[in-house]
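# Chain and residue survey
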Amino acid sequence: MSKVPAPEQSLTFTNPLLEGMHPDPSICRQGDTFYLVNSTFEYLPGLPVYASTNLVHWDLIGHAITRPEQLDLSSARASGGLFAPTIREHNGLFYIACTAVGVDGPSGSFYITAASAAGPWSNPVWLPDAAGIDPTIFFDGDDIWWAGCRQVAEPEYEGQTEIWLQRLDPVEGRLTGPEHILWTGAVKGAIWAEGPHLYKHGEYFYLLAAEGGTGDNHAVSVARANHVTGPYLGNPRNPVLTHRNFGGTAAVQCVGHADLVQATDGSWWAVALATRPRHSLTLLGRETFLAPVAWENDWPVFNPGLGCLPESGKVPAFVTAETVAAAEQPLITSPNPVRRVLGRDEPWITARGFPAQHMGEAGSENRIALLSTGARVDRTEPAAALGVRLSHHTAAFAATVERLLRSPAAGGPMQTLVGISLSQSPESQIRAELSVEKAARIDIVEVAGGVSRIVESRNLDDETFDRLVAGEPAGIELRMAVLDGATVRVETGTDGAVVLSADLPARVLSTEAAGGFVGAVASVYSMGTAGTGAVFAEMVYEH
């Protein structure tokens, strides 16, 4: 058998590494394996952990927040919850530092630990004295340092923040010793110096930070010092990575929030967030990108020769034929359509609750029973919904309402509301919805700025109504297709025949319209009277 040749350096990988809502990436390495974590805001399970041996292929190996006793996000506002995390490994133990924002229960900065990055992760150790957001953890010999970002008490301008540093006592689980102010940003007047990370390289300590806000003016800046506590001197070429000067037509925008890692061959790499707007609309949220890093004159240089995030790049030199074969994936993303059948083993995400709290048995792996809690998906409530990230500008999400369910505990007048949705927030969504009360009706609903309107509506015949009420198979087909990030085509039907359809502008699903920090999510849901619901089958995501 002939030996598979090692990949040549002319072979390229494609950015983003992680498509769809994967913001605020942080990365570390243990041995030959890299580990990466992203923020998830109000979605659970929280803080997905990915693993890779080549920086190109990534496998989801678990989540850091998987249990209700770890964190209660039931009250989280839209784009509240779990903000930017940092992942690090030290002496065989993994650490994640993070912040819970905008929740009624325990909140603020915390850290969790695990012997394996796949978990299980510990309950949070809360640090009430750690003000602000975006914490990082840094190990220097026997010292453990904690840094974060907070607003300046007496700012020179609106939005001015500072990066601060203090020792962490892991035995007592608290901050200790004097506090040090490290940095307020590279550019005077630039808002939100945030997302700090600390490194030791050569003779210097380095502070990497985002600034400009996580929008059009986003950027990465770096400073260095002879001591971890400072004083820090900014790189005279700051910002060292940004696309804000590329203009609004650039394919990749909002670049920032980077983290660095060194590979076993000595090479350095950066992960960073960025967006890929289409028609000036950002539906997919902030995604994770990769870039090589070189060191020149004791400063990091991102993607040398270009200075920006590449849409594609050379495969890392340490990638071998064995690691390519082990990944069981091509290095270059296939342009062919991909059809993903969704079932119980799908890594579903749910806003303000865990998917397992809502998911019931339905007789097979590709069927899911979903019962309403009485909460609604168009409110900041823990509604019964199972979602997947919208990860492509042209994609389709479909499900069939096979039959309706009624819990034995449900009594009195009932309304069943089940369907599929594309949602950027409770106030910005499109739904295809089956409503059953005194009659059976299919609605196409748009929610914009918190205002709902029924775009199209049609009553179903009495025979279908009777089958639905009796819990018999009905086969209500629901489908949404995003077309080039500009239009959402909604189709509903039975037995393959279209009952109702509409084409809607996709703008309502964009960050530009909805605001916030997440990306669009495609979901099946049940939000009628508590105890009512449906069995969903033939759930598919295609791109």
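Quick caveat, the model's predicted, so the values are computed rather than measured.

Check the secondary structure of the protein and you find 3 helices and 40 strands. In terms of C-alpha radius of gyration, the protein reaches 24 Å, essentially the compact-globule figure of 24 Å for 543 residues. Across its three principal directions, the C-alpha atoms of the protein cover 80 × 60 × 45 Å. Counting only residues that meet the buried cut, the protein has 57% of its 543 residues in that class. Sequence separation of at least 24 residues holds for 59% of the intrachain contacts in the protein that already meet a minimum separation of 6. Carbon together with sulfur atoms contributes 49% to the accessible area of the protein, which is approximately 21700 Å² in total.

Most often, soluble globular proteins have nonpolar side chains that are buried together. With 51 residues, the main nonpolar core has Val401, Leu434, Val488, Val524 and Phe536 as its most contacted residues. Top contributing element to this core by residue count: strand S31 (residues 395–406), with 5 residues. If you look at the next biggest cluster of nonpolar residues, it comprises 27 residues, including Met21, Ile163, Leu182 and Phe205.

The tally for this structure, following the rule as stated, stands at 14 aromatic pairs. Their ring planes at 55 degrees and their centres at 6.2 Å tell us that Tyr111 and Trp146 sit as a pair that is tilted. Within this pair, whereas Tyr111 is found in strand S10 (residues 108–114), its partner Trp146 is found in strand S13 (residues 143–151), the two being separated by 35 residues in sequence. Accessibility expressed as a relative area gives 0% for Trp146, which makes it buried. Judged by centre distance (6.2 Å) and plane angle (75 degrees), the ring pair of Tyr206 and Trp299 falls under edge-to-face. Placement of the pair is Tyr206 in strand S17 (residues 204–211) and Trp299 in strand S24 (residues 299–302), with a sequence separation of 93 residues. An aromatic cluster of three or more residues is present, and its members are Tyr204, Tyr206, Trp268, Trp295 and Trp299. Across from the ring centre of Phe205, 4.7 Å away, lies the NZ or CZ of Lys200, which sits over that ring. In this arrangement the basic side chain of Arg224 is found over the ring face of Tyr204, its NZ or CZ atom lying 4.4 Å from the centre.

This paragraph deals with the pattern of salt bridges. Under the counting rule described, the total for this entry stands at 23 salt bridges. Arg339 serves as the salt-bridge partner of Glu542, at 3.6 Å between the closest nitrogen and oxygen. Within this pair, whereas Glu542 is found in strand S40 (residues 532–542), its partner Arg339 is found in strand S26 (residues 339–341), the two being separated by 203 residues in sequence. Arg339 sits in the exposed class, given a relative accessible area of 55%. The closest approach of N and O atoms between Arg340 and Glu346, which form a salt bridge, is 2.8 Å. Of the residues examined, Arg340 reaches a relative accessible area of 32% and is grouped as partly exposed. Using a relative accessible area of 12% as the deciding quantity, one classes Glu346 as buried. Through salt bridges that share partners, Arg376, Asp378, Arg431 and Glu433 make up one connected network.

As a further point, take the environment of Asn123. Assignment of secondary structure puts Asn123 in the loop between S10 and strand S11 (125–126). Overall, the relative accessible area of 38% leaves Asn123 in the partly exposed class. If near-sequence neighbours (up to four positions away) are discounted, Asn123 is found in contact with Arg67, Glu69, Gln70, Tyr111 and Ile112.

Right, let's get into the sheet that holds strand S23 (residues 287–296). Read from one edge to the other, the open sheet built from 4 strands follows the order S21-S22-S23-S24, with strand pairing classed as antiparallel. Either end of the sheet is taken by a strand with one partner, and the two such strands are strand S21 (253–262) and S24. Adjacent strand axes in the sheet meet at a mean angle of 35 degrees when their direction is disregarded. Sheet analysis places S21 next to strand S22 (residues 268–275), joined by 6 bridges and oriented antiparallel. Among the inter-strand pairings, Gly256 is bridged to a residue of S22, identified as Leu273.

Turning our eyes to something else, we now look at the sheet that holds strand S15 (residues 174–183). With antiparallel pairing, 4 strands are arranged side by side in an open sheet as S12-S13-S14-S15. Of all the strands in the sheet, the pair left with one neighbour each is strand S12 (133–140) and S15. Here the average twist between neighbouring strands, direction ignored, is 25 degrees.

For the rest of this paragraph, the subject is the pairing of S22. Counting buried positions along S22 gives 8 out of 8 residues, so the element sits mostly inside the fold. By the alternation rule, side chains of S22 split into Trp268, Ala270, Ala272 and Ala274 and Trp269, Val271, Leu273 and Thr275, which are all buried. Between S21 and S22, which pair antiparallel in sequence order, lie 5 residues; one of them, Gly266, sits at a positive phi of approximately 90 degrees. For S22 and S23, the ladder comprises 7 bridges, and the chain directions are antiparallel. From the neighbouring strand, Ala274 faces S23, where its bridge partner is Glu287.

The rules behind these values
- Residues numbered from 1 in each chain as written.
- Predicted model: local features only at pLDDT ≥ 70, side-chain atom pairs only at ≥ 80, totals over all residues.
- Heavy atoms only, no water.
- Helix = DSSP H or I, 4+ residues; strand = E, 2+ residues; numbered from the N terminus.
- Rg over C-alpha atoms; globule rule 2.2 N^0.38 Å.
- Buried < 20%, exposed > 50% of the residue type's maximum accessible area, 1.4 Å probe, protein only.
- Contact = heavy atoms within 4.5 Å.
- Areas by Shrake-Rupley, 256 points an atom, 1.4 Å probe, with all protein chains shown as cover.
- Core = buried A, V, L, I, M, F, W, Y, C linked by side-chain atoms within 4.5 Å.
- Phe/Tyr/Trp six-rings, centres within 6.5 Å; stacked < 30°, edge-to-face > 60°.
- Lys NZ or Arg CZ within 6 Å of the ring centre and 35° of its normal.
- Salt bridge = Lys/Arg side-chain N within 4 Å of Asp/Glu carboxyl O.
- Pairing = 2+ DSSP bridges.
- Axes fitted to C-alpha atoms, helices over the stretch in contact; angles between N-to-C directions.

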